[in-house]
Amino acid sequence: MTDKQILEIFGKTGAFLKGHFKLSSGLHSAQYLQCARVLQHPQHAEKLCKALAEKFKKTGPDIVIAPALGGILVSYEVARALGVKSLFMERVNGKMALRRGFEISKNDKVLIVEDVITTGLSTKEVIEAVKSFTSAIVGVGCLVDRSGGKVDFDMPFKSLFNLDMPTFKPENCPLCKDKIPLTKPGSRLPS
Ligand SMILES: [Zn+2]
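Residue numbers restart at each chain and count upward from 1, following the sequence in its written direction. Residue-level local features of this predicted model are given only where pLDDT is at least 70; pairs of side-chain atoms are given and counted only at 80 or more, and the full residue set underlies all totals for whole chains, interfaces and linings.

Concerning the overall build of the chain
Working step 1: The numbering of helices and of strands both runs from the N terminus, where a helix is a DSSP run of H or I of at least 4 residues and a strand a run of E of at least 2. If you tally the helices and strands in the chain, you get 6 helices and 9 strands.
Working step 2: By the compact-globule yardstick of 16 Å for 191 residues, the chain fits well, its C-alpha radius of gyration being 17 Å.
Working step 3: Over its C-alpha atoms, taken along the principal directions, the chain stretches across nearly 60 × 35 × 30 Å.
Working step 4: In this scheme the burial state of a residue depends on its C-beta neighbours within 10 Å: 20 or more other such atoms mean buried, 12 or fewer mean exposed, and anything in between means partly exposed; the C-beta positions come from the backbone. Classification of the 191 residues of the chain by burial places 33% in the buried group. Restricting the calculation to C-alpha atoms gives the radius of gyration, and the globule rule supplies 2.2 Å times the number of residues raised to the power 0.38.

Encoded structure:
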């Protein structure tokens, strides 16, 4: 898939919007990204995750795993495309853990996926947790890399596309200075 095709799907589902937004962090941005909005459409999720899966096909993972919650659908669809199992990790007393009878054996090759990677901190927690089961991690994949090339997992890292998304404190926001109306995402559906 080309960047243009990917952005078109993100745009038409309202997962990626341009304007003037107040993010949940309180910061302002000219862009808004919410992967859940694209992943709510199974046909889009399937297509995007298949494209991500292609990037790791040769590494031959046995298991795809993601941190809950945002990564679960990505893990599921990437695993479907690769014909392997999909697991997820969740926090137990603040630490990433395998629950629900999920198992990783020491011979399993594991691919870690996410919807969006910004700081990469939760991904690093998953890497550490997976390492307690197997050393065979084939890489990290995500739909959108928002890190601006800043994250390094010390293993292959591939994204479907990269998004540079500058954010501003309200008092320094150039869009506020230009008096562009502020939208709070979620307060209305995009038209
Ligand atoms: Zn602003």
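Section: the sheet that holds strand β7 (residues 137-145)
Working step 1: Taken in spatial order, the 6 strands make up an open sheet running β5-β4-β3-β6-β7-β8, and their pairing is mixed. Of all the strands in the sheet, just β5 (95-98) and β8 (157-162) have a single pairing partner and so form its edges. For this sheet the average axis-to-axis angle between neighbouring strands, irrespective of direction, equals 25°.
Working step 2: The contact criterion used is a C-beta to C-beta distance within 7 Å, with each C-beta placed from the backbone. Here the axes come from fitting lines to C-alpha atoms, over the contacting stretch only for helices, and the angles between their N-to-C directions go from 0 to 180 degrees. The strands touched by helix α4 (residues 72-82) are β3 (63-67), β4 (85-92), β6 (110-117) and β7; relative to β3, the strand with the most contacts, the crossing angle is about 170°. Whether two strands pair comes down to DSSP finding at least two bridges between them.

Focus: helix α3 (residues 42-54)
Working step 1: A helix is expected to reach a length of 1.5 Å times the quantity of its residues less one. The first and last C-alpha atoms of α3 sit 18 Å apart over 13 residues, in line with the 18 Å expected at 1.5 Å per residue.
Working step 2: Three or more residues of α3 are buried, namely Ala45, Leu48, Cys49, Leu52 and Ala53. Taken end-on, α3 shows its buried residues confined to a sector of 145°, consistent with a single buried face.
Working step 3: At its buried positions, α3 is contacted by α1 (3-12), α2 (35-39), α4, β7 and β8. What the arc measures is the spread of directions leading from the helix axis to the C-beta atoms.

Quick notes on the pairing of β6
It is a general feature of regular strands that their side chains alternate between the two faces of the sheet.
Working step 1: Counted residue by residue, β6 has 7 buried out of 8 residues, so it is predominantly covered.
Working step 2: Judged from the 3 bridges that link them, β3 and β6 form a sheet pairing that is parallel. Counterpart to isoleucine 63 in the pairing with β6 is valine 110.

Details of the nonpolar core
Working step 1: A set of buried residues drawn from Ala, Val, Leu, Ile, Met, Phe, Trp, Tyr and Cys, joined through C-beta atoms within 7 Å, is what defines a nonpolar core. Core analysis: the largest hydrophobic core is formed by 45 residues, its most contacted members being Val64, Ile65, Val78, Val110, Ile112, Val113 and Leu143.
Working step 2: With 7 residues, α4 is the single largest residue contributor to this core.
Working step 3: Residues within four places of leucine 143 in sequence aside, it is in contact with Cys35, Leu48, Leu52, Val74, Asp115, Val116, Ser159 and Leu160.

With respect to the sheet that holds strand β9 (residues 167-168)
Working step 1: The strand order across the open sheet built from 3 strands is β1-β2-β9, with neighbouring strands paired in antiparallel fashion. Strands with a single pairing partner mark the edges of an open sheet, and in this sheet they are β1 (16-22) and β9.
Working step 2: Where β1 lies against strand β2 (residues 28-33), 5 bridges are found, and the strand directions are antiparallel. Residue pairing for β2: leucine 17 is matched across the bridge by tyrosine 32.

Functional significance is not addressed by these values, which are geometric in nature.
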